Amino acid sequence: MQWETVIGLEVHTQLTTKSKIFSGASTAFGAEPNSQACGIDVALPGVLPVLNRGAVECAIRFGLAIGGKLNRVNVFDRKNYFYPDLPKGYQISQFETPIVEGGALTIQVGDREKTIRLTRAHLEEDAGKSLHEGFHGMTGIDLNRAGTPLLEIVSEPDMGSATEAVAYAKALHGLVTWIGTCDGNMQEGSFRCDANVSVRRPGEPLGTRREIKNLNSFRFLEQAINYEVRWQIGEIEDGRAIQQATVLFDSDSGETRMMRTKEDAHDYRYFPDPDLLPVKLDEDWIEQVRATMPELPQARRARYQTEFGLSAYDAGALTGSHVLSDYFEAVVASLPKADPKLVANWVMGELSAALNKAELGLAESPITAIMLTKLLGRIQDGTLSGKLAKQVFEVMWTEGGEPDAIIAAKGLKQMSDSGEVERIIDEVLAANAKSVEEFRAGKDKAFNALVGQVMKATKGKANPAQVNDLLRAKLTG
Amino acid sequence: MSLSIDDVRRIAHLARIRVGEDEAVQYQSQLNGVFDLIARMQAVDTAGVAPMAHARDLFQRLRADAVTEPNRREAFQAVAPQVAGGFYLVPKVIE
């Protein structure tokens, strides 16, 4: 039996402001508990929220980046519920009139592009943190995070698999860090995903969805959705109906488990917050923000294909993050001879592999764009073959140092003296009379064996194309 | 619209207000009085009138993004019922 999966994501992105959304307390991560929670954040009676211009500006940037509609007048509402990490008894959020509506994000799945529509993005405050262990049967509350500005970004149910959901989450992560509205640090909770998942048979109306809460890594997002889809299909095939529910993903067991059903779901009793007036975005402000927008990933992706002749896949991968894209462009721009394809291969090949292996971000790469430019320059001027360049790269990565110094110190320079290469070829021919005979008898394989012998004798330092030419000239001459 | 006694109990629960049986009956009739008033207002034709989010016809003033609040944890925690290691302590809650 065929099944279709339908997924929509809600992503909470923590905004990069210095202070909180409604107070002047700091948002810096990792401070002593409750040292960054002022009277507004701990909800002392009589305090009033004052909206942070920086948070609104982040939302405008995001709205412009996704081509959404910026609601020129938008409204803050109270979302009422009781939990000790929310001392006011309500969260200030936006319900009926969010700051951003609509817009879309293009994702790349394999070599196919897909557009994911966005429903809305709204501003809200984060809650504090609860610690349930280590307080002798009590719960400890840290309100440092309370009041941290969030932009919650809600997609339409446009994703059809865990792979697409992850591609969307990565594209969104790439975009918000690109435009600087979120630092994207998932370990610190700056980018958290909730996934709404349902299954149906093709052509049927949408199935009942369950919402998986608080997925803070792309891997967990993928695992949780895959588990949930299998579970829902199993339930329906066994004749049980899916009940709308909120579930949590247990990363240890790899399973999702029920948190609450719809029956005991919260009734938030939203209403406009009387402490806050509606927010007006005037045209001048929007235009000022627009003027500071960087070239967006989508535009760069198109430019890499038209201007640099890169494949859609390469262009997509290189525009996955601003740091990566800038690194790539820096190398392309400073190489003596323009060769974006060579740079793309190295950045996505050797460099990415080394970074992955060492679990480092590009910003921590021991090989800077300048260093990589110097190395690739030595391929372009014929000093290094691709293979030798990889050896130099390896030394640059592990021991550090300038490519030229490494080439000199390790004697890795490609042999360009054709007299020297010819001498070695003569030796190889003399020592491999049998292969020579075979070649003359018409066996092309023997030729390759001879090339291999020459490369071996030169310790890989000969230029393979030059060896080919010289060898063929000698054998047929 | 007419509220049932169960609606009253539910609202009281959501607002975490303890309401006795007699009180619930009393609130039911008072709240229904409020709803009658709303029903009368809803009879007014408001087509073409934009809904108001606030009674004042003004817009929110914004503050600059700057850290202006000092750490006053000691003062705040002096009036908290129970604290430990900088945390506020509350009866254990686990969903």
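Fair warning: this is a prediction, and the values are worked out from it, not measured in the lab.

A. Layout of the packing of aromatic side chains. All names here are of chain A. Within the structure shown, the criterion is met by 13 aromatic pairs over all chains. Centroid distance Tyr81 to Tyr268: 5.9 Å. Interplanar angle 70°. Geometry classified as edge-to-face. Remark: Tyr268 occurs in the loop between strand E15 (255-261) and strand E16 (271-272) and Tyr81 occurs in the loop between strand E4 (77-80) and strand E5 (90-93); sequence separation between them is 187 residues. Aromatic pair Phe308 and Phe328: ring centres 5.9 Å apart, planes at 75°, arrangement edge-to-face. Placement of the pair is Phe308 in the loop between helix H5 (297-306) and helix H6 (312-318) and Phe328 in helix H7 (residues 322-334), with a sequence separation of 20 residues. Like Phe308, the residue Phe328 is buried in the burial classification. One aromatic cluster is present, formed by Tyr81, Phe95, Tyr268 and Tyr270 through successive ring pairs. Lying over the aromatic face of Trp285, Arg53 brings its terminal NZ or CZ to 4.2 Å of the ring centre.

B. Structural context of the interface of chain A and chain B. On the chain B side, the residues contacting the 54 residues of chain A number 36 residues. Summing both partners gives a buried area of about 3900 Å² for chain A against chain B, and 63% of it is carried by carbon and sulfur. For the chain A face of the interface with chain B, the top three residues by lost area are Phe82, Met138 and Leu277 of chain A, together amounting to 15%. Put simply, Asp267 of chain A and Arg10 of chain B hold a salt bridge, and the shortest N to O gap is 3.4 Å. At the boundary of chain A and chain B, one finds 23 residue pairs in polar contact (both at pLDDT 80 or more). Elements with a minimum of two residues in the side of chain A that touches chain B: helix H1 (53-65), strand E10 (138-142), E15 and strand E17 (279-280) of chain A. Looking at the side of chain A that touches chain B, the element that brings in the most residues is E10 of chain A, giving 5 residues. Residue composition of the side of chain A that touches chain B, by class: 29 nonpolar, 14 polar and 11 charged. As paired elements, E10 of chain A and strand E2 (residues 87-91) of chain B share 4 bridges and run antiparallel to each other. Within the sheet, the bridge partner assigned to Gly140 of chain A lies in E2 of chain B and is Leu89 of chain B.

C. Main features of the sheet that holds E2 of chain B. Spatially, E9(A)-E10(A)-E2(B)-E1(B) is the arrangement adopted by the 4 strands of the open sheet, whose pairing is antiparallel. Two strands lie at the open edges of the sheet, namely strand E9 (129-131) of chain A together with strand E1 (83-84) of chain B, each paired on one side alone. Bridging between E9 of chain A and E10 of chain A involves 3 bridges; their strand directions are antiparallel. Bridge pairing in E10 of chain A links Lys129 of chain A to Asp142 of chain A.

D. Structural view of the domain arrangement of chain A. By the assigned domains, chain A splits into domain 1 (11-197 + 264-288), domain 2 (295-410) and domain 3 (418-476). Averaged C-alpha coordinates put domain 2 of chain A and domain 3 of chain A at centres separated by 33 Å.

E. Local environment of the pattern of salt bridges. All names here are of chain A. Going through the model one piece at a time under the given rule, you end up with 39 salt bridges over all chains. With its nearest N and O atoms 3.9 Å apart, the salt bridge here joins Glu350 to Lys390. One end of the pair, Glu350, is in helix H8 (residues 340-358); the other, Lys390, is in helix H10 (residues 386-399), with 40 residues separating them in the sequence. A relative accessible area of 43% means that Lys390 is categorised as partly exposed. Here Asp381 and Arg378 are joined by a salt bridge, their closest N and O atoms 2.6 Å apart. For Asp381, a relative accessible area of 44% corresponds to the partly exposed category. One network of salt bridges, in which partners are shared, links Glu295, Arg300, Arg303, Glu307, Asp326 and Glu329.

F. Focus on the packing of H7 of chain A against H8 of chain A. Residues and elements named next belong to chain A. At a minimum axis distance of 9 Å, the contact between H7 and H8 shows a crossing angle of 135°. Looking at the two axes, H7 sits oblique to H8. Here the hand of the crossing between H7 and H8 comes out right-handed. Only Pro340, Val343, Ala344, Val347 and Leu351 of H8 make contact with H7, whose side of the interface consists of Leu324, Tyr327, Phe328, Val331 and Val332. Partitioning the contact of H7 with H8 into residue classes produces 10 nonpolar, no polar and no charged.

G. Here's a closer look at unusual backbone geometry. Residue and element names in this part refer to chain A. The residue Arg269 is not glycine, and still its phi comes out positive at about 45°. Here Arg269 is to be found in the loop between E15 and E16. By relative accessible area, Arg269 is classed as partly exposed at 28%. Residue Glu359 is not a glycine yet carries a positive backbone phi of 50°. In this structure Glu359 comes out as exposed when scored by relative accessible area, which is 71%.

H. Region of the structure containing helix H11 (residues 403-410) of chain A. All names here are of chain A. The complete set of buried residues in H11 reads Pro403, Ile406 and Ile407. Buried residues of H11, seen end-on, are gathered within an arc of 100° and therefore sit on one face of the element. For H11, the exposed residues lying more than 90 degrees away from the buried face are Ala408 and Ala409. Along its buried surface, H11 packs onto helix H9 (369-380) and H10. Residue Gly411 follows H11 closely and has a positive phi angle near 60°.

I. Local environment of the pairing of strand E12 (residues 191-200) of chain A. All names here are of chain A. Along E12, 9 of the 10 residues are buried, which leaves the element largely enclosed by surrounding structure. Bridge analysis of strand E1 (residues 4-14) against E12 gives 10 bridges, and the strand direction is antiparallel. Among the inter-strand pairings, Glu10 is bridged to a residue of E12, identified as Asp194.

J. Structural context of the state of the cysteines. All names here are of chain A. A full pass over the atoms with the stated rule returns 0 disulfides over all chains. In this structure Cys182 is a free cysteine whose sulfur lies 9.1 Å from that of Cys58, the closest cysteine sulfur available. In this structure Cys193 is a free cysteine whose sulfur lies 10 Å from that of Cys182, the closest cysteine sulfur available.

K. How the structure looks around the sheet that holds E5 of chain A. Residue and element names in this part refer to chain A. Strand order in the open sheet formed by 3 strands is E5-E4-E16, with antiparallel pairing between adjacent strands. Each edge of the open sheet carries a strand with a single partner, namely E5 and E16. Note that E4 and E16 share 2 bridges and pair antiparallel. What sits directly across from Asp77, in E16, is Pro272.

About the thresholds
- Note that residues are indexed from 1 along each chain, following the sequence as it is written.
- Ligands are numbered from 1 and chains lettered from A, in the order in which they are written.
- Only residues with pLDDT of 70 or above have their local features reported here, since the model is predicted, and side-chain atom pairs are shown and tallied only from 80 upward, although totals for entire chains, interfaces and linings are computed over all residues.
- The basis for the side-chain values is all heavy atoms of the structure; hydrogens and waters are excluded.
- Put simply, two rings from Phe, Tyr or Trp (the six-membered ring, in Trp's case) pair if the centres are within 6.5 Å, and we call them stacked under 30 degrees between planes, edge-to-face over 60, tilted for the rest.
- Helix and strand assignments follow DSSP, with helices taken as H or I runs no shorter than four residues and strands as E runs no shorter than two, numbered in order from the N terminus.
- For every residue, the accessible area obtained with a 1.4 Å probe (protein chains only) is divided by the maximum for its type, and the residue is called buried under 20%, exposed over 50%, and partly exposed between those limits.
- Only lysine NZ and arginine CZ atoms are considered, and such an atom sits over a ring when it is within 6 Å of the ring centre and within 35 degrees of the ring normal.
- Every residue pair with non-hydrogen atoms within 4.5 Å of one another is taken to be in contact.
- Note: buried area is the sum, over both parts, of the accessible area (probe 1.4 Å) each one loses when the two are combined.
- Salt bridge, as applied in this entry: a Lys or Arg side-chain nitrogen positioned within 4 Å of an Asp or Glu carboxyl oxygen.
- In the analysis that follows, any N or O atom pair within 3.5 Å is treated as a polar contact, provided that within protein one partner can donate a hydrogen and the other can accept it, and provided that, for residues neighboring in sequence, both atoms belong to side chains.
- Throughout this entry, Asp, Glu, Lys and Arg are counted as charged residues, while Ala, Val, Leu, Ile, Met, Phe, Trp, Tyr, Cys and Pro are counted as nonpolar. The remaining residues, Gly among them, count as polar.
- Two strands qualify as a pair provided DSSP detects at least 2 bridges between them.
- Boundary definitions for the domains trace back to an automatic or database domain assignment.
- What counts as an axis is a line fitted to C-alpha atoms, over the stretch in contact for a helix, and the angles between N-to-C directions run from 0 to 180 degrees.
- In these notes the angle categories are as follows: under 35 degrees is roughly parallel, over 145 is roughly antiparallel, 65 to 115 is roughly perpendicular, and the rest is oblique.
- Handedness of a crossing follows from how the near helix is turned relative to the far one, being left-handed for an anticlockwise turn of less than a right angle and right-handed for a clockwise one.
- In this description, the arc belongs to the directions extending from the helix axis to the C-beta atoms.
- In this description, a disulfide is simply a cysteine sulfur pair whose atoms lie within 2.5 Å.

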